[in-house]
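Given next are the chains, with one letter for each unit.
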Amino acid sequence: MKVAVTDFTFPSLDIEQTILEPLGVKVVGRQCRAPEQLIDLVSDADAVITQFAPVTATVIDAMRRACVIARYGIGVDNVDLDAARSCGIPVCNVPDYCIDEVADHTLALILSLTRQIVALGNHVRGGQWSGAPASTMHALKELTVGIVALGRIGREVAARLRAFKCNVLAFDPVVPAAEIEKAGCTPVGLDELLKRSDVITLHCPSTAKTRRMIDRNALAKMKRGALLVNVARGDIVDSAALVEALREGRLGGAALDVFDPEPIPADSPLRGIANVIVTPHVASASGPSGLRLRTAVAQTVARALRGEPLMNVVNGIAERRLVP
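All figures in this text were calculated on a predicted structure; none of them were measured in a lab. (Residues numbered from 1 in each chain as written. Predicted model: local features only at pLDDT ≥ 70, side-chain atom pairs only at ≥ 80, totals over all residues. Heavy atoms only, no water.)

Caption draft 1: Molecular detail of the overall build of the protein chain. Helix and strand content of the protein chain: twelve helices and twelve strands. Computed over the C-alpha atoms, the radius of gyration of the protein chain is 21 Å, within 12% of the 20 Å expected from 2.2 N^0.38 for a compact globule of 324 residues. The principal-axis extent of the C-alpha atoms belonging to the protein chain is close to 65 × 50 × 35 Å. Within the structure as shown, the protein chain displays about 15,000 Å² of accessible surface, and the carbon and sulfur contribution to it stands at 54%. Side chains of the protein chain give 36 positive and 35 negative charges; the mean places of these two sets differ by 3 Å. (Helix = DSSP H or I, 4+ residues; strand = E, 2+ residues; numbered from the N terminus. Rg over C-alpha atoms; globule rule 2.2 N^0.38 Å. Areas by Shrake-Rupley, 256 points an atom, 1.4 Å probe, with all protein chains shown as cover. Lys, Arg positive; Asp, Glu negative; His and termini not counted. Charge placed at Lys NZ, Arg CZ, Asp CG, Glu CD.)

What follows is the structure, encoded as structure tokens:
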């Protein structure tokens, strides 16, 4: 049997091989992005593992044998879920992956913005000692933080923010108000969150409803000088509108771990704006989290190949394709 790994950011696939090879599986890993490369790799695969490669309907239609598509991560926006459902192929994720790492990274970015950590560090490295203007320095206790989406990560961010004694608002249309209040947040609509928050942090998946959700109209509703943090998906924010708001001084700053497109282009204006902090889509990273992720994905594929029930199926497959 063949397990195709479309792309990966790890040094090797030794963990996957250790789990799968005893089943008589050959793990074939590549770094594919183009449709023709992906089709060539997955057409005869019994299972497919993917990280960031675009697994489109065309690619899925070419899968003659695959009994599962497993994603390294929580989000599955790079996989056409409808096409996989039509072909009877379950798509599985790892929903409990990197929750603490991303929540920690979110707090690190919020504090870096509110305490001007990056700007001050650059000042000192440049031979200066004068501090940042007091007007750009904030104590979280004095601020209102708005959390967009209160899933696993959003709730962990809320839990961490409680220690800083700030006022926390949350918008999530699928979470009951009572649950939002139980998490220590005030439930509000999106417009109210945009208008009232000094800091807004995004934790929603990339879907048809959320793509470009933070556009010119949304940015115009935000407080002048507000701060924006995005560790979710790059396409939730309209990049051009964000650059415009930052250059015009309507936003006080932004901290971004995700971009649209990725990697962030060399000529992106976001690279050169002083009050923008950028990190290279690493909020999920830690040694233990990577080990847990890869083990969980390989075990999911092993269950599929053995014909066992699957967990964390995100595309609603009830009866899945059997391996010929």
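Further notes follow.
Caption draft 2: The arrangement of the layout of surface pockets in detail. Each pocket or cavity is described by its volume, and for the second largest pocket that value is around 330 Å³. Along the walls of the second largest pocket sit 18 residues, with Q116, A119, G252, A274 and N275 positioned nearest its centre. Those elements that provide at least two residues to the lining of the second largest pocket are α5 (99-114), α6 (117-125) and β12 (276-278). Split into classes, the residues belonging to the lining of the second largest pocket amount to eight nonpolar, ten polar and no charged. (1 Å grid on protein atoms, 1.4 Å probe; cavity = no way out; pocket = protein on both sides within 12 Å on 5 of 7 lines; lining within 4 Å. Points joined across faces, edges and corners; volume = space filled by probe spheres on them. Nonpolar A, V, L, I, M, F, W, Y, C, P; charged D, E, K, R; others polar.)

Caption draft 3: Structural detail: the nonpolar core. Among the nonpolar cores identified, the biggest contains 56 residues, and Y72, L161 and V301 are the most heavily contacted of them. Listed by contribution, the elements that provide at least two residues to this core are β1 (2-5), β3 (47-50), α5, β6 (144-148), α7 (152-162), β7 (167-171), β10 (226-230) and α12 (287-305). Dropping the residues within four chain positions of it, Y72 is found in contact with V5, D7, F8, F10, L13, E16, I49, T50, Q51, L293, R294 and V297. Core analysis: the next-biggest nonpolar cluster, separate from the first, contains 34 residues, L190, L202, F259 and L270 among them. (Core = buried A, V, L, I, M, F, W, Y, C linked by side-chain atoms within 4.5 Å. Buried < 20%, exposed > 50% of the residue type's maximum accessible area, 1.4 Å probe, protein only. Contact = heavy atoms within 4.5 Å.)

Caption draft 4: Representation of the pairing of β3 in the model. Neither face of β3 is left uncovered, since the one carrying A47 and I49 and the one carrying V48 and T50 both have all their residues buried. For β3 and strand β4 (residues 69-71), the ladder comprises three bridges, and the chain directions are parallel. Across the sheet, residue V48 finds its bridge partner in β4, namely I69. (Pairing = 2+ DSSP bridges.)

Caption draft 5: Representation of the sheet that holds strand β2 (residues 26-29). Judged by pairing direction, the sheet is parallel, and its five strands sit side by side in the order β2-β1-β3-β4-β5 without closing on themselves. One side of each edge strand has no neighbouring strand; the edge strands of this open sheet are β2 and β5 (91-92).

Caption draft 6: Quick look at helix α11 (residues 239-247). Within α11, the full set of buried residues consists of A241, L242, V243, A245 and L246. If you check the start of α11, you find a side-chain oxygen 3.1 Å away from the backbone N of A240, and it comes from D238. Of the residues flanking the end of α11, it is G249, one or two places downstream, whose phi is positive at about 80°. (Polar contact = N/O pair within 3.5 Å; in protein donor to acceptor, adjacent residues only side chain to side chain.)

Caption draft 7: Expanded view of empty space enclosed by the protein. Per the stated rule, a full pass over the model turns up one cavity of 30 Å³ or more. In this structure, the largest cavity encloses a volume near 50 Å³. If you go around the largest cavity, the residues you meet are N230, G234, V237, S239, L242, L256, V258, F259, D260 and L270.

Caption draft 8: Up close: the pattern of salt bridges. In total, this model carries 22 salt bridges according to the counting rule given. Among the salt bridges present, the one from R294 reaches E16, with a minimum N-O distance of 2.9 Å. Here E16 lies in helix α1 (residues 14-20) and R294 lies in helix α12, a separation of 278 residues in the sequence. As a salt-bridge pair, E156 and R160 come within 2.7 Å of each other at their nearest N and O atoms. Taken together, the positions of E156 and R160, both in helix α7 and four residues apart, correspond to about one turn of that helix. Accessibility expressed as a relative area gives 29% for E156, which makes it partly exposed. (Salt bridge = Lys/Arg side-chain N within 4 Å of Asp/Glu carboxyl O.)

Caption draft 9: The arrangement of the sheet that holds β7 in detail. Here we have seven strands laid out as an open sheet, ordered β8-β7-β6-β9-β10-β11-β12, and parallel in their pairing. Each having just a single partner strand, β8 (186-187) and β12 make up the two edges of the open sheet. Two strands pair when backbone bridges link them, and β10 and strand β11 (residues 251-256) are joined in this way by five bridges, in the parallel orientation. Within the sheet, the bridge partner assigned to L227 lies in β11 and is G253. α7 rests against β6, β7 and β9 (199-202) of the sheet, and its axis sits at about 165° to β6. Along the sheet face, α11 touches β10, β11 and β12 and points at about 140° away from the line of β11. (Axes fitted to C-alpha atoms, helices over the stretch in contact; angles between N-to-C directions.)

Caption draft 10: Expanded view of the environment of V68. With respect to the secondary-structure elements, V68 resides in the loop between α3 (57-61) and β4. Looking at V68, the relative accessible area reads 0%, which means it is buried. Residues V68 and D46, spaced 22 residues apart in sequence, show a C-alpha to C-alpha distance of 7.8 Å. Those residues within four positions of V68 in sequence are excluded, and the remaining contacts are D46, A47, V48, I89, P90, C92, V301, A304 and L310.

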